[in-house]
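Residue-level structural notes
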Amino acid sequence: MIHSIVGASAEFRRKSKGGLYGDAVEELDFHTGRLLDALDEMGLSKNTLVIFLSDNGTWSNNRDRLGPRHKGEIAWGSSGPLREAKGSTYEGGPRVPCVMRWPGNMPANRVSDALFASLDFLPTFGKLAGFEPPRDRLIDGVDQTDLLRGRSERGARDHFYYFSKNEMHGVRQGKWKLLLPHRKVFYDYVKDRGTNEAELYQLESDIGETHNVARENPEVVARLSTLAQSFQWPEKLFETYSSFPKVSAGPEGKVSLSSP
């Protein structure tokens, strides 16, 4: 909903201090609350794992297009202290909040900064459901059951790779993040493309990626470069944009699908 076409119903229009985008966020928040209330009322909360997260950071780096689409109104959020936004491999692109609720199965009122990726949901759900991931293919995610249940503070993920489309841009391990030199592939709306050199950031003390410390830490650059080179690529790289069937509404509202 909070995407390229942003809207809010009359009940929430012009009620927030964040313009059209703020109105839409408040409406989304309200209806998420209704959903949680319904689970409580139906006695399903303890049997339902609710996950709320975004697939990417705010689209604030695309405001020159989003503004005219929304008659000049604010249609984007803020990355706060993070560098860049959606589509970027700086932290403003992939680093997003994730809120979970599972009463009786997951500790409440707990905040974690463990390394966690949405890729990890596949094997985690499999473990919770009593299944093992298939062994005849590469699985990018790791089982994070212990992290969710509060049995681990660090979680099962040791590192994370950053990609722009099918080009690897960097890798993070612990507090260190290395962006590789000679990055060429970017989404067109990404404004801040950094340097054409290796960039090393210590995220615990520099979450905004403002100070490149690659020259001061050559051993860390070497270690993370080796980690990047060890990435296990699949035999075939798929296109970054899948082809979806076209959807059209016919007489009496009947929906039909056709090949793209």
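Here, the structure is the one placed above.
What this report covers is the structure whose coordinates are included nearby.

To continue, consider the pairing of strand β6 (residues 199-202). Side chains Glu199 and Tyr201 of β6 all project onto a buried face; the interleaved residues Leu200 and Gln202 project onto the opposite face, where all are buried too. Across four bridges, the pairing between strand β5 (residues 176-179) and β6 is antiparallel. Residue pairing for β6: Lys177 is matched across the bridge by Tyr201.

Here helix α1 (residues 19-41) spans 33 Å end to end across 23 residues, near enough to the 33 Å set by a 1.5 Å rise per residue. Turning to α1, its buried residues number three or more, namely Leu20, Gly22, Asp23, Ala24, Glu27, Thr32 and Leu39. Within two residues after α1, Gly43 carries a phi angle of roughly 70 degrees, on the positive side.

Moving on, we come to the side chain of Ser45. Examined against the element boundaries, Ser45 turns out to sit in the loop between α1 and β1 (50-53). Its relative accessible area of 8% is what places Ser45 among the buried residues. At 2.3 Å, the side chain of Ser45 and the side chain of Asp40 are in polar contact. Once residues lying within four places of it in the same chain are set aside, the contact partners of Ser45 are Leu39, Asp40, Arg101, Trp102 and Pro103.

Parameters and conventions
- Residues numbered from 1 in each chain as written.
- Predicted model: local features only at pLDDT ≥ 70, side-chain atom pairs only at ≥ 80, totals over all residues.
- Heavy atoms only, no water.
- Buried < 20%, exposed > 50% of the residue type's maximum accessible area, 1.4 Å probe, protein only.
- Helix = DSSP H or I, 4+ residues; strand = E, 2+ residues; numbered from the N terminus.
- Pairing = 2+ DSSP bridges.
- Expected span 1.5 Å × (residues − 1).
- Polar contact = N/O pair within 3.5 Å; in protein donor to acceptor, adjacent residues only side chain to side chain.
- Contact = heavy atoms within 4.5 Å.

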